[in-house]
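# Geometric and topological summary
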Amino acid sequence: MMRSRFTHVARIALLAVAVVAQSCNSTTAPDLADSQITPPVFTTQTFAGTLTTSGSLFYSIVVTQRGPVSLTLAAVQAPGGGALTTPVGIGIGTPKGTGCPRTSSVVTPPGLASQLTVTLNPGTYCAAVYDVGNLSSAANFAMRITYP
């Protein structure tokens, strides 16, 4: 009788293990469509112009999803086309009237990698470039703006 009871308990335990193992044996990865997370789609725009001495310019962007906004001061050039390494200011803010009060900024020479990245909520923002007193004459610039 003891052996029969042991066999019965063993069979139940084996069945329970088989059921659990079968339910955990999924080799299919979840589909992105099943996810509640929407990956951001990034937009990249180029903001270019001529910066005067002591001047500033800005470009408005609309962020549609919370995420990183990156500014890259890609080039600063003399009016004749020669590359300059002169540091100028770049920043991000919220447009107000005809200006762009900056909430984050950095003074940087041009480069290939992003010099300023901030995480922003959906809304309208501005990307600014401004002379911090280093320009001796007007200079052309190009800034890359990447945002969700």
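Before any of the text, the structure's been laid out above.
## Points about the overall build of the protein chain
Looking only at helices and strands, the protein chain features 1 helix and 8 strands. Helices and strands appear in the protein chain in the N-to-C order α-β-β-β-β-β-β-β-β. Counting every position in the protein chain, which comprises 148 residues, the buried fraction comes to 26%. Partitioning the intrachain contacts of the protein chain with sequence separation of at least 6 by distance along the chain shows that 78% fall at a separation of at least 24. As presented, the protein chain carries roughly 9,400 Å² of accessible surface, and 58% of it is formed by carbon and sulfur atoms.

## What to know about the sheet that holds strand β2 (residues 56-63)
In spatial order, the strands read β2-β7-β4-β5; together these 4 strands make up an open sheet with antiparallel pairing. Lying at the two open borders of the sheet, with one neighbouring strand each, are β2 and β5 (102-108). Strand-to-strand twist of the sheet, defined as the mean angle between neighbouring strand axes without regard to direction, takes the value 20 degrees.

## Things to note about the environment of Gly 93
With respect to the helices, strands and loops of the structure, Gly 93 is situated in strand β4 (residues 88-93). With 33 residues separating them in the primary sequence, Gly 93 and Ser 60 have C-alpha atoms 9.4 Å apart. Excluding residues that lie within four positions of it along the chain, Gly 93 makes contacts with Cys 100, Pro 101, Arg 102, Thr 103, Tyr 125 and Cys 126.

## A look at the state of the cysteines
A complete count under the given rule lists 1 disulfide for this structure. Across the disulfide, Cys 100 is cross-linked to Cys 126 (sulfur-sulfur distance 1.9 Å). One disulfide, between Cys 100 and Cys 126, carries an S-S torsion of 90 degrees and so falls in the right-handed class. One end of the pair, Cys 100, is in the loop between β4 and β5; the other, Cys 126, is in strand β7 (residues 123-130), with 26 residues separating them in the sequence. As far as burial versus exposure is concerned, Cys 100 and Cys 126 are alike and both buried.

## Observations concerning the environment of Thr 98
Structurally, the position occupied by Thr 98 is in the loop between β4 and β5. Linking Thr 98 and Phe 58, residues 40 residues apart in sequence, is a C-alpha distance of 9.2 Å.

## Some details on the packing of aromatic side chains
A complete count under the given rule lists 2 aromatic pairs for this structure. Plain terms: the ring middles of Phe 47 and Phe 141 are 5.1 Å apart, the flat faces sit at 75 degrees to each other, and that makes the pair edge-to-face. Residue Phe 47 is located in strand β1 (residues 43-51), and its partner Phe 141 is located in strand β8 (residues 139-147); the two are separated by 94 residues in the primary sequence. Take Phe 47 and Phe 141: they sit in the same class, and that class is buried. Through a chain of ring-to-ring contacts, three or more aromatic side chains come together here, namely Phe 47, Tyr 59 and Phe 141.

## Re the pairing of β8
Burial along β8 is one-sided: Ala 139, Phe 141, Met 143, Ile 145 and Tyr 147 are buried, while Asn 140, Ala 142, Arg 144 and Thr 146, pointing the other way, are not. Bridge analysis of β1 against β8 gives 9 bridges, and the strand direction is antiparallel. Looking at β8, one finds that Thr 44 is bridged to Thr 146. Bridge analysis of strand β3 (residues 67-77) against β8 gives 7 bridges, and the strand direction is antiparallel. Bridge pairing in β8 places Leu 71 opposite Ile 145.

Rules used in this analysis
- Residues numbered from 1 in each chain as written.
- Predicted model: local features only at pLDDT ≥ 70, side-chain atom pairs only at ≥ 80, totals over all residues.
- Heavy atoms only, no water.
- Helix = DSSP H or I, 4+ residues; strand = E, 2+ residues; numbered from the N terminus.
- Buried < 20%, exposed > 50% of the residue type's maximum accessible area, 1.4 Å probe, protein only.
- Contact = heavy atoms within 4.5 Å.
- Areas by Shrake-Rupley, 256 points an atom, 1.4 Å probe, with all protein chains shown as cover.
- Pairing = 2+ DSSP bridges.
- Axes fitted to C-alpha atoms, helices over the stretch in contact; angles between N-to-C directions.
- Disulfide = S-S within 2.5 Å.
- Phe/Tyr/Trp six-rings, centres within 6.5 Å; stacked < 30°, edge-to-face > 60°.

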